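Chains, contacts and geometry: an overview
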Protein chains: 2
Amino acid sequence: MSQYQQETAVEPVADGLFKGHICGDWNIDTNPNGGYLVSVVMSALSQSLPHPDPLSVTTHYLRPGIPGEPCEVSVEVVRTGRTLSTARATLRQQGKERIEVLTAFGDLSQAVGVPHQLSMTAPEIPPPEACVERNGDIQGIALPITERLDVFLHPDQAVPGKAQKAEINGWIRLKDGTPPDTRSLLLFVDAFPPSVFPLLGVVGWVPTVELTVHVRKRPAPGWIQGRFRTDDLEGGRMIETAALWDSEGSLVAQARQIGLVMQSS
Amino acid sequence: MSQYQQETAVEPVADGLFKGHICGDWNIDTNPNGGYLVSVVMSALSQSLPHPDPLSVTTHYLRPGIPGEPCEVSVEVVRTGRTLSTARATLRQQGKERIEVLTAFGDLSQAVGVPHQLSMTAPEIPPPEACVERNGDIQGIALPITERLDVFLHPDQAVPGKAQKAEINGWIRLKDGTPPDTRSLLLFVDAFPPSVFPLLGVVGWVPTVELTVHVRKRPAPGWIQGRFRTDDLEGGRMIETAALWDSEGSLVAQARQIGLVMQSS
């Protein structure tokens, strides 16, 4: 079992109820990363649904997770069909809801409709070795998660407040060498710095309200390339749009979130 | 009360439980429009949450609604905070789940973070009077909903299979003259033909699996302009991205859905 699998594992304790542990090594500053919490919920969902791949995963972030503490995941299967299954799940710690998930699973190895294809091409960016490693210095916060994930940023977008656009491109992979899969894409899509930083500089906290990920394809082994863009910010509420490509250039996930961009304190 | 308000009204019958009626005049062919079903759920949510505006609304479509039949909406408030409230809701008919909603409400009249603004400009398209009215002829199906909504399509995108891109632009408003609000935007974002039609022609059924709408601003009175685009279709699963602008040119909603593009039968 990889480190990622171990540290996101849950075990069933009753019908629709799982227990796990929130590891402190996936923190952004003092809070567990959102994509890490979702990965734990995915462990419970994978054990509850007949289909292998998360096609659509919506997460609402209600309260920060608590590192180093146990957690409970409850799953309610809403509907199971031939090609799709739908479920809700809640991750709780100390009796309080931390994240709430609504998801549809399917089988990405099976086509379900027309044979036509449309896709978005990955932008050309410098290779990982010519990019800047994400570390706490850039944002001025501790990033324990960089012991678990390799995250490299486009050099022109790695310095807060120096770019003309709210966009970040870069590369990501699990540090322990585990190849990407349709579950870890949910982690990768939430582990880059906020895309408003290159334009606005480091502002205050940027909490996600809701993030929806569409997993499009099972990824090939190797680096995952990501693009994150904010083209809509109003009243402190931003819409950030993301796309991930695998090492063969296939679009493997798209995502969109609404987050708050707080004033620096 | 406007026709839209009347035909989407629900009344509380118990704690977290509402009763309503699914009107047959909002159909796409023989099924109630998805955005109409969401509007009914929104009536129940508005009565359940302290904040006025839906900021993020994710809907999973489990089974078609049944026109002309009563419905039941159950609401569970997950969390109520100072600036945000979160809830889940289920619309049932004949005892079966039809749609499942997860949402966050807030107050769009209040800023919650940094003063910076980013926005997307509405594309220039011909005015409504130079566009083509959406009617059943274009798709070869009955569209009772066009008695409730004015929907006008860009003339270059109104003929299936004649365009170079999977994109539809156009205009929409309620036929009874009710001005748009943050609830009816959820209807408008789901009432255009699928954006794959101009490129692929009319294919089979295009059922939505999941649709997430982000409402960005309370709309000014008048027409709503919409743009719908599919740039990702693989294995019969499409990601369609939408944006709505009001009559003053403000971006008022963004949305994204995963849907299936079935073979024509």
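Please refer to the structure placed before this passage.
Residues numbered from 1 in each chain as written. Chains lettered and ligands numbered in written order. Predicted model: local features only at pLDDT ≥ 70, side-chain atom pairs only at ≥ 80, totals over all residues. Heavy atoms only, no water.

**Let's talk about the overall build of chain A**
When you go through chain A residue by residue, the secondary structure sums to 5 helices and 15 strands. In terms of overall dimensions, chain A is globule-like: its C-alpha atoms have a radius of gyration of 18 Å, near the 18 Å expected for 265 residues. Across its three principal axes, chain A shows a C-alpha extent of roughly 50 × 50 × 40 Å. Looking at chain A as a whole, 62% of its 265 residues qualify as buried. Partitioning the contacts of chain A with sequence separation of at least 6, the portion at a separation of at least 24 is 70%. Roughly 10000 Å² of accessible area belongs to chain A as shown, and the carbon and sulfur atoms make up 47% of that amount. Positive and negative side-chain charges in chain A, numbering 22 and 30 respectively, have mean positions lying 5 Å apart. (Helix = DSSP H or I, 4+ residues; strand = E, 2+ residues; numbered from the N terminus. Rg over C-alpha atoms; globule rule 2.2 N^0.38 Å. Buried < 20%, exposed > 50% of the residue type's maximum accessible area, 1.4 Å probe, protein only. Contact = heavy atoms within 4.5 Å. Areas by Shrake-Rupley, 256 points an atom, 1.4 Å probe, with all protein chains shown as cover. Lys, Arg positive; Asp, Glu negative; His and termini not counted. Charge placed at Lys NZ, Arg CZ, Asp CG, Glu CD.)

**Overview of the interface of chain B and chain A**
In this complex, chain B contributes 63 residues to the contact, which on the side of chain A involves 63 residues. Counting every contact that joins chain B to chain A gives 6 salt bridges. In this structure, R88 of chain B engages E76 of chain A in a salt bridge whose closest nitrogen and oxygen atoms are separated by 4.0 Å. Across the side of chain B that touches chain A, the residue classes tally to 29 nonpolar, 20 polar and 14 charged. (Salt bridge = Lys/Arg side-chain N within 4 Å of Asp/Glu carboxyl O. Nonpolar A, V, L, I, M, F, W, Y, C, P; charged D, E, K, R; others polar.)

**Considering the side chain of T182 of chain B**
Residues and elements named next belong to chain B. By secondary structure assignment, the location of T182 is in the loop between strand 11 (167-174) and helix 4 (184-188). In terms of polar contacts, T182 uses its side chain to reach the side chain of D53, at 3.2 Å. Residues in contact with T182, not counting those within four places in the same chain, are P52, D53, P54, L108, V215, K217, R218 and P219. (Polar contact = N/O pair within 3.5 Å; in protein donor to acceptor, adjacent residues only side chain to side chain.)

**A closer look at unusual backbone geometry**
In this structure, Q94 of chain A takes a positive phi of about 50 degrees despite not being glycine. Structurally, the position occupied by Q94 of chain A is in the loop between strand 7 (85-93) and strand 8 (96-106).

**With respect to the relation of the copies chain B and chain A**
Relative to chain A, chain B is turned by 180 degrees and slid 0.0 Å along the rotation axis, the superposed coordinates differing by an RMSD of 0.0 Å. This pairing of chains is accounted for by a two-fold axis. Same-surface contact between copies: 100% of interface residues of chain B are shared with the interface of chain A. (Least-squares fit on C-alpha atoms with pLDDT ≥ 70 in both.)

**Description of the pairing of strand 7 of chain A**
Residues and elements named next belong to chain A. Within strand 7, 8 of the 9 residues are buried, which leaves it mostly tucked inside the rest of the structure. Taking the residues that link successive antiparallel strands as the turn, the strand 6 (residues 69-80)-strand 7 hairpin has 4 residues. Alignment of strand 7 against strand 8, held across 9 bridges, turns out to be antiparallel. If you follow L91 over to strand 8, its bridge partner there is I99. The turn linking strand 7 back onto strand 8 is made up of 2 residues, and Q94 within it adopts a positive phi angle of 50 degrees. (Pairing = 2+ DSSP bridges.)

**Comments concerning the environment of M42 of chain A**
Locating M42 of chain A in the fold gives a position in helix 2 (residues 34-46). Excluding residues within four positions of it along the chain, M42 of chain A makes contact with P54, V57, V101, T103, F105, R183 and L186 of chain A.

**Quick look at the pattern of salt bridges**
Tallied over the entire structure, the rule returns 28 salt bridges over all chains. Among the salt bridges present, the one from K165 of chain A reaches E167 of chain A, with a minimum N-O distance of 3.5 Å. With relative accessibility at 8%, the residue E167 of chain A sits in the buried group. The partner of E133 of chain B in a salt bridge is K175 of chain B, with the nearest N and O atoms 3.8 Å apart. With E133 of chain B in strand 9 (residues 132-133) and K175 of chain B in the loop between strand 11 and helix 4, this residue pair connects regions lying 42 residues apart in the sequence. A single salt-bridge network, built from bridges that share partners, covers E76, R88 and E100 of chain A together with E76, R88 and E100 of chain B.

**Overview of helix 2 of chain A**
All names here are of chain A. Compared with an ideal rise of 1.5 Å per residue, which puts 13 residues at 18 Å, helix 2 spans 18 Å between its outermost C-alpha atoms and is within 8% of the ideal. Among the 13 residues of helix 2, 12 are classified as buried, and the element is accordingly described as predominantly covered. Taken together, the buried positions of helix 2 are G34, G35, Y36, L37, V38, S39, V40, V41, M42, S43, A44 and L45. Two or three places before G35, at the start of helix 2, stands the capping residue N33, its side-chain oxygen 2.8 Å from that residue's backbone nitrogen. (Expected span 1.5 Å × (residues − 1).)

**Here we look at the nonpolar core**
The biggest cluster of nonpolar side chains holds 60 residues, and the ones touching the most others in it are W26, L45, V73, L149, F188 and L244 of chain B. Residue contacts for W26 of chain B: discarding those within four places in its chain leaves Y4, E7, N31, P32, N33, Y36, I145, R148, L149, L174 and L187 of chain B. Listed in part, the 58 residues of the second largest apolar core include A158, I168, L211 and V213 of chain A. (Core = buried A, V, L, I, M, F, W, Y, C linked by side-chain atoms within 4.5 Å.)

**Description of the side chain of R227 of chain A**
Residues and elements named next belong to chain A. Among the secondary structure elements, R227 is positioned in strand 13 (residues 224-234). We note that R227 is buried and unpaired, the nearest opposite charge coming from E167 at a distance of 5.0 Å. With residues up to four places along the chain from it excluded, the contact list for R227 reads M120, P123, E167, I168, N169, T241, A242, A243 and W245.

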